[in-house]
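Remarks on the overall topology
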Amino acid sequence: MFAEIITIGDELLIGQVVDTNSAWIGRELNKVGIEVIRVVSVRDRSDEIIEAIDAAMHRSSVVLVTGGLGPTKDDITKQALCDYFHTELVFSEEIFENVKRVLSGRIPMNALNKSQAMVPKDCLVINNRVGSASVSWFERNGKVLVSMPGVPQEMTTVMSEEVIPRLADKFRTDVIVHKTFTVKNQPESVLAEKLEYWEAALPLCIKLAYLPKPGIIRLRLTGRGQSKEEIKSLIDDASVRLKAILGDDIFDEEDAPLERIIGDLLRKKGITLSTAESCTGGSIAARLTSVAGSSDYFKGAVVAYANEVKTSLLNVSPQTLAEQGAVSEKTVIEMVKGAMNTLKTDCAVATSGIAGPGGGTNEKPVGTVWIAAAYKNEIRTMKQDSNRGREMNIERAGNNALLLLLELLK
């Protein structure tokens, strides 16, 4: 069972708004055995919307459209749908009552808001309990097109409460089972070569995907079939063989972010963490605190971008900075000790480097980052020395810092 997503709006194509809807829809459809095979974004142009709809309806059983349902003149999706399905817009008293309810006490009713009650005649119209834009469900030749609002909160609500249950009732789908392993210390090409024979021996109903991130790689096994028990058994067998090949380089089997893995381990051990960050600018602390309940184990961070902050708040020796420089092993060792002492924590991580694009030298080129992790009296360090661009250098340093801490805690 295949689906396509069409997102509508000039704002998506110029990068003013990031399309988060498609990722959410793909994730949720997958849970009920519907695979998204294509995502298309089009401008607010009727002919382009119709062209995208026609192509999708020829290819897939389910077409999900988001956006272009507002009350302003640039919202033309409903009329484009009427043109494609050879119908017209009619006034719905039921939808109008919902519009009045949603807007009551917040937004005054005017002609534009009233126009939200104009809906395609020949379709199933579904109320949107959290917004004024209704949902239109069309069926043609055994296929379904659903037009939904583009506002993420509204889309996720109508998808969860109305669209997905209706799709699950209408279509008989395969079972899709995923299993994801997160791997460290393995460049993608080296890992692929190591797993060549294992991958070739996978059953035809199981596919492998490589999902690299800076410093780590996720391996996702996807099984598809009629029996969940059978697919799960095949994936379990493949997993046993994979773990025999990679051993401790697999550090997670739940597809959880590093910050959550670290947090669970800290909570289990009953210990606390702090960070001392220079080139990463507090991004490690931001990741750690993005996890609900992180106050149980995370005490705080010192973002020591300037050398005077390193000396005054983290007790980094001026002599170390003068002789070794801010980007050095000795500096991050003193930074990580300073974080533990200043913030009174059991463990800490520290980073100092040259994220770029400028600031590098022959001795310390852009991309050079020293990282330290400390737990009690043990300190481990590593040097990151490849330049992948500023953003990736910072993300990779954060991942490496958390991985170094994870190894130390384990």
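Presented here is an overview of the structure given in this document. (Residues numbered from 1 in each chain as written. Predicted model: local features only at pLDDT ≥ 70, side-chain atom pairs only at ≥ 80, totals over all residues. Heavy atoms only, no water.)

Describing unusual backbone geometry
- Omega for the bond connecting G356 with P357 falls within 30 degrees of zero, at 5°, which places this linkage in the cis form.
- Among the secondary structure elements, P357 is positioned in the loop between β15 (347–353) and β16 (369–375).
- One non-glycine residue, N141, adopts positive backbone phi at about 50°.
- Looking at where N141 falls in the secondary structure, it is placed in the loop between β7 (135–140) and β8 (143–148).
- Owing to a relative accessible area of 75%, N141 belongs among the exposed residues under this scheme.
- Phi at D255 is positive, roughly 60°, even though this residue is not glycine.
- Within the element layout of this structure, D255 appears in the loop between β12 (250–252) and α11 (258–269). (Helix = DSSP H or I, 4+ residues; strand = E, 2+ residues; numbered from the N terminus. Buried < 20%, exposed > 50% of the residue type's maximum accessible area, 1.4 Å probe, protein only.)

Regarding the sheet that holds strand β3 (residues 62–66)
- Spatial strand order, β2-β1-β3-β8-β7-β6: six strands in an open sheet with mixed pairing. For this open sheet the edge positions go to β2 (35–42) and β6 (124–126), each flanked by a neighbour on one side alone. On average, adjacent strands in this sheet sit at an angle of 15° to one another, irrespective of strand direction. (Pairing = 2+ DSSP bridges. Axes fitted to C-alpha atoms, helices over the stretch in contact; angles between N-to-C directions.)

A word on the nonpolar core
- By size, the foremost hydrophobic cluster in this structure holds 31 residues, and its most contacted members are I262, L266, L273, C347, L405 and L409.
- Contributions of two or more residues to this core are made by α11, α12 (283–289), β15, β16 and α16 (390–409).
- Among the elements that take part in this core, α16 stands out by supplying nine residues, more than any other.
- Setting aside residues up to four positions removed in sequence, C347 forms contacts with L266, I271, T272, L273, S274, M340, A374, Y375, L405 and L409.
- Within the second largest apolar cluster, 21 residues are counted, among which are I5, I34, W137 and I164. (Core = buried A, V, L, I, M, F, W, Y, C linked by side-chain atoms within 4.5 Å. Contact = heavy atoms within 4.5 Å.)

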